[in-house]
Amino acid sequence: MNEEPTGQEAKLRDQVRARYAEAATAVTAGTRNTTLLIEDSCCSPTVSSCDGTNASTKRSFGAGLYDATSAADLPVEAVEASLGCGNPTAVAELHEGERVLDLGSGGGIDVLLSARRVGPTGFAYGVDMTDEMLSLARANATKAGVTNVAFVKGAIEDIPLPHGAVDVVISNCVINLSTDKPAVLAEMFRVLVPGGRIGISDVVAEDHLTAEERAERGSYVGCIAGALSRSEYLEGLVTVGFTDPSVEFTHEVINGMHAAIVRATKPVV
Ligand SMILES: C[S@@+](CC[C@H](N)C(=O)[O-])C[C@H]1O[C@@H](n2cnc3c(N)ncnc32)[C@H](O)[C@@H]1O
């Protein structure tokens, strides 16, 4: 079991939790589109409102990254609550019968899409530390009539699932928010079966950007300051045991920082 963060790390995690609690509450209250209350609460360097009314934000984060067909029959609250930077369910190429875990599941969009892809013989878990997001996600699952899902409270640095519990780990714009990324990578490896894989969307920095230069481009809670560089991601994945790691930039979010697809495999032996 990994230890709870202390000091500055605990403060940052509390800020992250507070921001995303606010975002979930606004979606639940139906005020997400009309208020600046949650300004800078989304994954974005320059948020003018959490629905991404800023045009470049809209292209980089949130519901606009899903094709209309895949999100069509999901509850509007699940789609509106989308704060990710990609579509990891498409990245992970899920199959019937697989068990999937979404780290930082938010309002549940990727868990619900995963549940649909893996079908009744599969299962999708979401883990999130924020009570308001968990309530929203559970309500969305009920509205969608999806039953092969569970939303579990926990930290992605200490995943509340046993070893080898899932075939695939996905995540959408969350790992950059962690104050202990090596622990998250090690936990992903632990909960995967041998031969399991990760398909992750995240913000990733070009290698030449220092930590200070990343922080100049956006806040920690806005998914920018805490982003790993491409080399840091690749090295971190290899260190915990993954093979064939790759980081593919998909679109630039802000100068030198990109939404990216991260893939890797847990070896069979
Ligand atoms: C940017 S939102 C993304 C939500 C969702 N993946 C999506 O695409 O809409 C980040 C989510 O991760 C959760 N989160 C952030 N850090 C976390 C941590 N260390 N452990 C568990 N959940 C975390 C937040 O509560 C929030 O729901």
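Residues numbered from 1 in each chain as written. Predicted model: local features only at pLDDT ≥ 70, side-chain atom pairs only at ≥ 80, totals over all residues. Heavy atoms only, no water.

A. Representation of the packing of aromatic side chains. What the rule picks out here adds up to two aromatic pairs. Ring geometry for Phe 123 and Tyr 125: centres 4.9 Å apart, planes at 55°, overall tilted. Seen in terms of ring centroids, Phe 189 and Phe 242 are 5.1 Å apart; in terms of plane orientation they differ by 90°. Their pairing is edge-to-face. With Phe 189 in helix H8 (residues 181-191) and Phe 242 in the loop between helix H10 (230-240) and strand E7 (243-254), this residue pair connects regions lying 53 residues apart in the sequence. Just as Phe 189 is buried, Phe 242 falls in that class too. Note that Arg 230 overlies the ring of Phe 249, its terminal NZ or CZ placed 4.2 Å from the centroid. When the ring centre of Phe 189 is taken as origin, the NZ or CZ atom of Lys 266, which lies over that ring, is 4.6 Å away. (Phe/Tyr/Trp six-rings, centres within 6.5 Å; stacked < 30°, edge-to-face > 60°. Helix = DSSP H or I, 4+ residues; strand = E, 2+ residues; numbered from the N terminus. Buried < 20%, exposed > 50% of the residue type's maximum accessible area, 1.4 Å probe, protein only. Lys NZ or Arg CZ within 6 Å of the ring centre and 35° of its normal.)

B. Quick peek at the packing of H8 against H10. Between H8 and H10, the shortest axis-to-axis distance is 9 Å and the interhelical angle comes to 50°. Here H8 lies oblique to H10, going by the angle between them. Seen along the crossing, H8 lies across H10 with a hand that is right-handed. Along its contact with H8, which presents Pro 182, Leu 185, Ala 186, Met 188 and Phe 189, the element H10 presents Tyr 233, Gly 236, Leu 237 and Val 240. (Axes fitted to C-alpha atoms, helices over the stretch in contact; angles between N-to-C directions. Parallel < 35°, antiparallel > 145°, perpendicular 65-115°, else oblique. Left-handed = near helix turned anticlockwise from the far one by under 90°. Contact = heavy atoms within 4.5 Å.)

C. Geometry of the packing of helix H1 (residues 7-29) against helix H7 (residues 131-144). For the pair H1 and H7, the least separation of the axes is 7 Å and the interaxial angle reads 35°. Handedness of the crossing formed by H1 with H7: left-handed. Contacts between H1 and H7 pair Tyr 20, Ala 21, Ala 23, Ala 24, Thr 25, Val 27 and Thr 28 from the former with Glu 132, Met 133 and Leu 136 from the latter. Residue composition of the contact of H1 with H7, by class: seven nonpolar, two polar and one charged. (Nonpolar A, V, L, I, M, F, W, Y, C, P; charged D, E, K, R; others polar.)

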